[in-house]
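# Survey of secondary and tertiary structure
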Amino acid sequence: MSTDIPSNGGSSGESFGGRIGRTMAGSESWWPARPTPPSGAPNVIIMVVDDLGWSDLGCFGSEIATPNLDRVAANGLQFTNFHVTPMCSPSRASLLTGMHPHRAGMGTVAQSDPGFPGYAHELRDDVITLAEVLRDNGYATAAVGKWHLAKDSDISHAGPMHSWPCQRGFERYYGFLGPFTNLHQPNQIVEDNTIVDRDDYPEGYYFSDDITDRSIRMFREVKTANPTKPMFLYFAHGAVHAPLHAKPVDIAKYSGRYRTGWDALKAERFARQEALGVLPEGTVVAPRNTERDHDVKPWDDLTADEQRLFARHMEVYAAMVDNIDQNVGRLLGALEELGELDNTIFMFTSDNGASREGEVSGTSAYYVHLLEGDDVQADLARIEDLGGPQTTPHYPRGWAQASNTPWRLFKVNTHAGGQSSPMLFHWPAGNLERGGQRSQYTYVTDVFPTLLDLIGIERPKHRHRVALRDLQGWSFAPVLQSASSPRTHQEHYVEMNGHRGYYRDGWEIVTLHHALTPFNDDEWELYHLDEDPTELHDLAQQHPQMLKDLAAAWEQAAHFNDVYPLDEGSSIKYLIRPEWHEQLQRPITIPAGSPTLERWRALQFIWFRGFDIEIELEHHDGAQGWLVAHGCQGAGYGFYTRDNTITFVHNNGRGATLEFDCGALAPGASSVHFRFTAAAQRRWQVAASVDGASFREVAEVPMMFGIAPFEGIDVGVCRRSPVSWKIYEAHGTFPYTGTLKHARYTPGEPGPDSPDRLFDVIRKMGAKYE
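Residues numbered from 1 in each chain as written. Predicted model: local features only at pLDDT ≥ 70, side-chain atom pairs only at ≥ 80, totals over all residues. Heavy atoms only, no water.

## Here we look at the overall build of the protein chain
Looking only at helices and strands, one finds 17 helices and 28 strands in the protein chain. A principal-axis box enclosing the C-alpha atoms of the protein chain has dimensions of 85 × 80 × 55 Å. Across the 770 residues that make up the protein chain, the buried fraction comes to 61%. Partitioning the contacts of the protein chain with sequence separation of at least 6, the portion at a separation of at least 24 is 72%. Carbon and sulfur atoms make up 50% of the accessible area of the protein chain, which amounts to about 29,400 Å² in all. When the 68 positive and 100 negative side-chain charges of the protein chain are each reduced to one mean point, those points stand 3 Å apart. (Helix = DSSP H or I, 4+ residues; strand = E, 2+ residues; numbered from the N terminus. Buried < 20%, exposed > 50% of the residue type's maximum accessible area, 1.4 Å probe, protein only. Contact = heavy atoms within 4.5 Å. Areas by Shrake-Rupley, 256 points an atom, 1.4 Å probe, with all protein chains shown as cover. Lys, Arg positive; Asp, Glu negative; His and termini not counted. Charge placed at Lys NZ, Arg CZ, Asp CG, Glu CD.)

Following this line, the structure appears as structure tokens:
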């Protein structure tokens, strides 16, 4: 039998370092060590904007009003040769860990789970985040905004949550876990480890304002409770990623500003850049992109309608950037009121270059555009709604080219336009040069060691008793102190969706890879960036040994950092899922009153397949409201009842919301059954049955797939962004007023066009490029 009496007869308290007597008054107190930051440790704010181009700030040549960020540049340092990875999740992983993205498990965006270490799409156990290090050294840690560092299959209420912010060092979190969101009516907001249960948003809500309010509140909470405790805030904007949403007052500021087009804008910005001195002397601006599948039309070759529509897209984008600047002013103003601004390191950057995802013509329907193609006439019909909650826009890639002035190409590409980022660094108490520029090559992995260097903290050797991988960045602290300091960054590889690159000591090799073509050494281009920063003069023929050496270095780095297997462009990475994924395709019952079933989880029931929805209810005369709703203004479907009639709603995301009569729902009805049959040409045949009667054919409509619907499944209500704007305006979220018990979803067979039926064909097609 165990006993609490120590075997030596002494006090059990002696092992804790103090002397324990019979009374507290006669005992010696002792406390365990508490994490304590270095004396005078600064607050740290890292602000990351999503898809912001290198030239989109006034201090980098833009016409967009960014007075607060321009003031940051004037009172701090402006890094004109800062680089990131060409995509969001990889850059964020590298920023927070100091590791190359594949090495951290985040080789591309966290929207697949193909079963390879470099593409695990969750932060690995053997890397540590900056938040974890700072928290363990006495910092308060918080994050707001976009996360996108967890698998899409892990961001529902069920988790698992091991790669969520609060499990990776952040004590507080407020934002969304996925790739992007509706800025007027976010599809998901997570607070700490809880998905916020929210039916609607107030008039005038805007996500960028909300996360700024939360950041200010978090700082005030910490600094009033303990003014000596330093704070780390990771502020990750959802803007300016699509859907391009902005407030009407901000859009109005840019009305008519872009009617001269992207060619003229690019020339204007380059002229300002030359005047500001942010480019090396003699830099030549890259010409309009003409590369296959990346080309941009001359503005003057567009029709008048196209010019009018495309200019409106850029007005919305400019308004988003303007709002970011306004909120920077609010945040820094709040720090100044608290007396904290001087000893706060404020770093501002973008996660990659400007995005070409709007492709040639842009879109008002981002969620369906990439798979369904352009529809300029549908976009023109909604031109006044662009930027508002009824559309999900993205600008054409011609504007992305202008945003990336003076560089070539776009986000995703490993050329400069994909991975050159504006960067500002402000720390008054650090005695840095005010208004200085730094042209030394720096890279996203260098931020982690630099901040630890400045604060005076060492990176630990272990995390949760797991040995950590070696840090892969170099501190640029010497560069902060002197404009004449040699660059500290030495070399690194780049890879994104088959595009490759390697940087070493001012030289770079890079490829522009086309999907389903061989990977070979003929793709490599060679540039001497110290003399040709805009990558206009390929020196591969002149320096074959240099190219060979860098290509060999890339190959070695790729093997070491888990870059292989490469993405050959077959899209098979989106089809490969672990065995447990089959569990998510089984029937489920969703009780009325349940929180929204998360977007990706809900998509598994309908993706390229038929499905059934069976609803149990007690309908009484006059009861009305949504029975089930799946989606939002970006695309969706649902069924509601009014005047004892059921109506099927199908929103194609492009402004066409169609309604179909499903027949009567008589008082006393107890069950409704909706059947979606997957037909050819990616169509659904929809039928309805009440109380076991024969099915009534209702409609044949296009399927939804990819990232549509972008809202999950609601039973008995339609929350947040609505499937039907007409119903929303009349009834709000329109909860069902009868008694609704539950809805049961049963996935059916994959449709004849389903990629699952073509899996072996796709695998063979991609394997040809092994």
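## A closer look at the sheet that holds strand β27 (residues 713–715)
Pairing between the strands of a sheet comes from backbone hydrogen bonds, and it takes one of two forms, parallel or antiparallel. Pairing is antiparallel across the open sheet formed by five strands, whose spatial order is β23-β22-β21-β20-β27. Edge positions in the open sheet fall to β23 (657–664) and β27, since each of these has one partner strand only. The sheet shows a mean angle of 15° between the axes of neighbouring strands, direction not considered. As defined by bridge partners, strand β21 (residues 635–642) adjoins strand β22 (residues 645–651) across seven bridges and the pair is classed as antiparallel. Looking at the pairing, Phe639 lines up with Phe648 of β22. (Pairing = 2+ DSSP bridges. Axes fitted to C-alpha atoms, helices over the stretch in contact; angles between N-to-C directions.)

## Concerning the packing of aromatic side chains
Throughout the structure, instances matching the rule amount to 41 aromatic pairs. Centre to centre, the rings of Phe180 and Tyr367 are 6.1 Å apart; their planes meet at 20°, and the pair counts as stacked. Of the two residues, Phe180 is situated in the loop between β4 (172–176) and β5 (190–191) and Tyr367 in helix α8 (residues 366–372); the sequence distance between them amounts to 187 residues. Accessibility expressed as a relative area gives 5% for Phe180, which makes it buried. Ring centres of Phe611 and Tyr745 lie 5.9 Å apart, and the angle between their planes is 10°; this geometry places the pair in the stacked category. (Phe/Tyr/Trp six-rings, centres within 6.5 Å; stacked < 30°, edge-to-face > 60°.)

## Some words on the nonpolar core
If you look at the biggest cluster of nonpolar residues, it comprises 80 residues, and the most contacted ones within it are Leu57, Val240, Tyr258, Phe346, Phe348, Trp399 and Leu424. It is helix α7 (residues 304–337) that provides the largest number of residues to this core, a total of 16 residues. Residues in contact with Phe346, not counting those within four places in the same chain, are Ile45, Met47, Leu69, Val72, Val328, Leu332, Leu424, Phe425 and His426. (Core = buried A, V, L, I, M, F, W, Y, C linked by side-chain atoms within 4.5 Å.)

## Examining the pairing of strand β15 (residues 499–504)
The buried fraction of β15 amounts to five of the six residues, a majority that puts the element mostly inside the structure. In the sheet, strand β14 (residues 491–496) pairs with β15 via six bridges, with the strands oriented antiparallel. The partner of Val494 across the bridge, within β15, is Gly501. Here β14 folds back onto β15 in antiparallel fashion, the turn holding two residues, of which Asn497 has a positive phi close to 50°. Two strands pair when backbone bridges link them, and β15 and strand β16 (residues 507–510) are joined in this way by four bridges, in the antiparallel orientation.

## Quick notes on the sheet that holds strand β25 (residues 683–690)
Taken in spatial order, the six strands line up as β18-β28-β19-β24-β25-β26 in an open sheet, and their pairing is antiparallel. Two strands lie at the open edges of the sheet, namely β18 (588–591) and β26 (696–702), each paired on one side alone. The mean angle between the axes of side-by-side strands here comes to 20°, regardless of whether they run parallel or antiparallel. As judged from the six bridges shared by strand β19 (residues 609–618) and strand β24 (residues 671–679), these two strands associate in the antiparallel manner. Directly across from Phe611, in β24, lies its bridge partner Phe676.

## Regarding the packing of helix α1 (residues 67–75) against α7
The geometry of α1 relative to α7 is characterised by a closest axis approach of 7 Å and an angle of 60° between their N-to-C directions. Between α1 and α7, the angle falls in the class oblique. The residues of α7 that touch α1, namely those facing Pro67, Asn68, Leu69 and Val72, are Asp325, Gln326, Val328, Gly329 and Leu332. Taken together, the residues of the contact of α1 with α7 sort by class into five nonpolar, three polar and one charged. (Parallel < 35°, antiparallel > 145°, perpendicular 65-115°, else oblique. Nonpolar A, V, L, I, M, F, W, Y, C, P; charged D, E, K, R; others polar.)

## Overview of the pattern of salt bridges
What the rule picks out here adds up to 52 salt bridges. Of the charged contacts, one joins Arg397 and Asp295 as a salt bridge, the two residues approaching to 3.2 Å between their closest N and O atoms. Taken together, the positions of Arg397 in helix α10 (residues 397–403) and Asp295 in the loop between α6 (262–276) and α7 put the pair 102 residues apart, joining distant regions of the chain. For Arg408, the salt bridge identified is with Glu525, shortest N-O distance 3.7 Å. Residue Arg408 is found in the loop between α10 and α11 (416–419), and its partner Glu525 is found in strand β17 (residues 525–528); the two are separated by 117 residues along the sequence. The buried category is assigned to Glu525, whose relative accessible area is 14%. (Salt bridge = Lys/Arg side-chain N within 4 Å of Asp/Glu carboxyl O.)

## Section: unusual backbone geometry
Between Ala239 and Val240 the backbone carries a cis peptide bond, its omega angle lying at 5°. Here Val240 shows up in the loop between β7 (231–236) and α5 (248–252). Looking along the chain, the bond that leaves Thr405 and enters Pro406 is cis, with omega of 10°. Among the secondary structure elements, Pro406 is positioned in the loop between α10 and α11. Positive phi outside glycine occurs at Asp562, with the angle close to 65°. You can see Asp562 is positioned in the loop between α14 (544–560) and β18.

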